[in-house]
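Okay, here's what each chain looks like letter by letter:
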Amino acid sequence: MDERSALRRLAASLPAAGDDAAVVDGLVVTTDMLHETTDFPSGTTRYTAGWRSVGASLSDVAAMGADATAALAAYASPTLEAAELDAFVEGAVDVCEAVGAEYVGGDLDTAAEFTAATTAVGGTDSPVWRRGASPGEVVCVTGALGRTAAGLRAFEAGDVDRGNELFRFRPRIDAGRALAPFATAMMDSSDGLARSLHQLAEASDVGFDVDRTAVPVHDAADDYTTDAADRWQLAATVGEDFELVCTLPPSAVGGARGALAVDLHVIGEVTDGGVTADGEPLADEGYTHE
């Protein structure tokens, strides 16, 4: 099975699974696993790895419209080097502090490759699920897309300082909380915009039509491409940007924008079926865990 098939199989027997995080009596909990060969390009510092690993789980908490409380990590590496371990924990602590959460420890092990498995917990009495979108609403994204894609290009070009900087994103905890009273459906964009739209469409049994020119592209993408088609791919399909993708009634957009400290972009509308961009089918393409 591929990852999507495996997730559908598990969701069929686990009622609490299937969204960015599970919610049990107001407790929001999620877990992620990142590997050196698939998630951390050569040149990624352990500080960045700690920030990014824990940040990925905090992003799932944000997507539920929840407060972030704490995070943990299981850290495994071929050898346990003091400087690398200290740097990882420093990154994990700093990303938690950036969103008002606490890093509270985890587990250590040895493994054939560096691996981090992280858990984040939070709380909300009014979670925002993926399944609430309705035709006639608008679809929006926070911030800008393509940050991670630009980071990957930076690492490929040997500019590891820039790559590490771009890989240290700020989880949208504040934005998720601010959007919660307005959003009808929400998730993070870790799998890429295109794939996120397909996932929201499946969960809500709706479709989307996106205006390509309305999709915000991170300024860093322009440092690594001048081709319009390539620029679109960086923003829409590479993924791992950890912005929020949500649906809102058109009448709620103004209130939502007023509540957020980051930009909220209307990129299209919710339709009766099919996922399209400028009226043409948008492929279910994005980040895949392998």
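Reading the values: the criteria
- Residues numbered from 1 in each chain as written.
- Predicted model: local features only at pLDDT ≥ 70, side-chain atom pairs only at ≥ 80, totals over all residues.
- Heavy atoms only, no water.
- Pairing = 2+ DSSP bridges.
- Helix = DSSP H or I, 4+ residues; strand = E, 2+ residues; numbered from the N terminus.
- Axes fitted to C-alpha atoms, helices over the stretch in contact; angles between N-to-C directions.
- Contact = heavy atoms within 4.5 Å.
- Phe/Tyr/Trp six-rings, centres within 6.5 Å; stacked < 30°, edge-to-face > 60°.
- Domains from an automatic or database assignment.
- Buried area = accessible area lost by both parts, 1.4 Å probe.
- Salt bridge = Lys/Arg side-chain N within 4 Å of Asp/Glu carboxyl O.
- Parallel < 35°, antiparallel > 145°, perpendicular 65-115°, else oblique.
- Left-handed = near helix turned anticlockwise from the far one by under 90°.

**What about the sheet that holds strand 3 (residues 67–77)?**
Strand order in the open sheet formed by five strands is 1-2-5-3-4, and the pairing between neighbours is mixed. Looking at the sheet topology across the chains shown, the edges are occupied by strand 1 (22–24) and strand 4 (102–110). For this sheet, the mean angle separating the axes of adjacent strands, direction not counted, is 20°. Summarising the sheet, strand 2 (residues 27–35) and strand 5 (residues 115–123) pair through nine bridges and their orientation is antiparallel. By the bridge assignment, Val29 is partnered in strand 5 with Val121. Each of strand 2, strand 3, strand 4 and strand 5 is contacted by helix 3 (residues 46–63), which is oriented at about 40° to strand 5, the strand it contacts most.

**Re the packing of aromatic side chains**
Enumeration according to the criterion identifies seven aromatic pairs in this entry. Considering the side-chain rings of Tyr47 and Trp51, the 6.4 Å spacing of their centres and the 45° angle between planes classify their relative orientation as tilted. Remark: Trp51 and Tyr47 occur in helix 3; sequence separation between them is four residues, near one turn of the helix. With centroids separated by 4.2 Å and ring planes inclined at 10°, the aromatic side chains of Phe169 and Phe242 adopt a geometry described as stacked.

**Details of the domain arrangement of the chain**
Its domain assignment divides the chain into domain 1 (3–123) and domain 2 (137–281). Taking only C-alpha atoms, the centre of domain 1 and the centre of domain 2 are 21 Å apart. Between domain 1 and domain 2, the contact holds 29 residues from the first and 24 residues from the second. Where domain 1 abuts domain 2, roughly 2,300 Å² becomes buried across the two surfaces, and 55% of that area is made up of carbon and sulfur atoms. Connecting domain 1 to domain 2 are one salt bridge. Among the ionic pairs, Asp67 bridges to Arg177, the shortest N-O distance being 3.0 Å.

**Considerations on the packing of helix 5 (residues 147–156) against helix 6 (residues 160–167)**
Between helix 5 and helix 6, the least distance of the axes is 7 Å, while the angle of their chain directions is 160°. For the element pair helix 5 / helix 6, the angle class is roughly antiparallel. Classified by chirality, the crossing of helix 6 by helix 5 is left-handed. On helix 6, the residues touching Arg147, Thr148, Ala150, Gly151, Leu152, Ala154 and Phe155 of helix 5 are Val160, Arg162, Gly163, Asn164, Glu165, Leu166 and Phe167.

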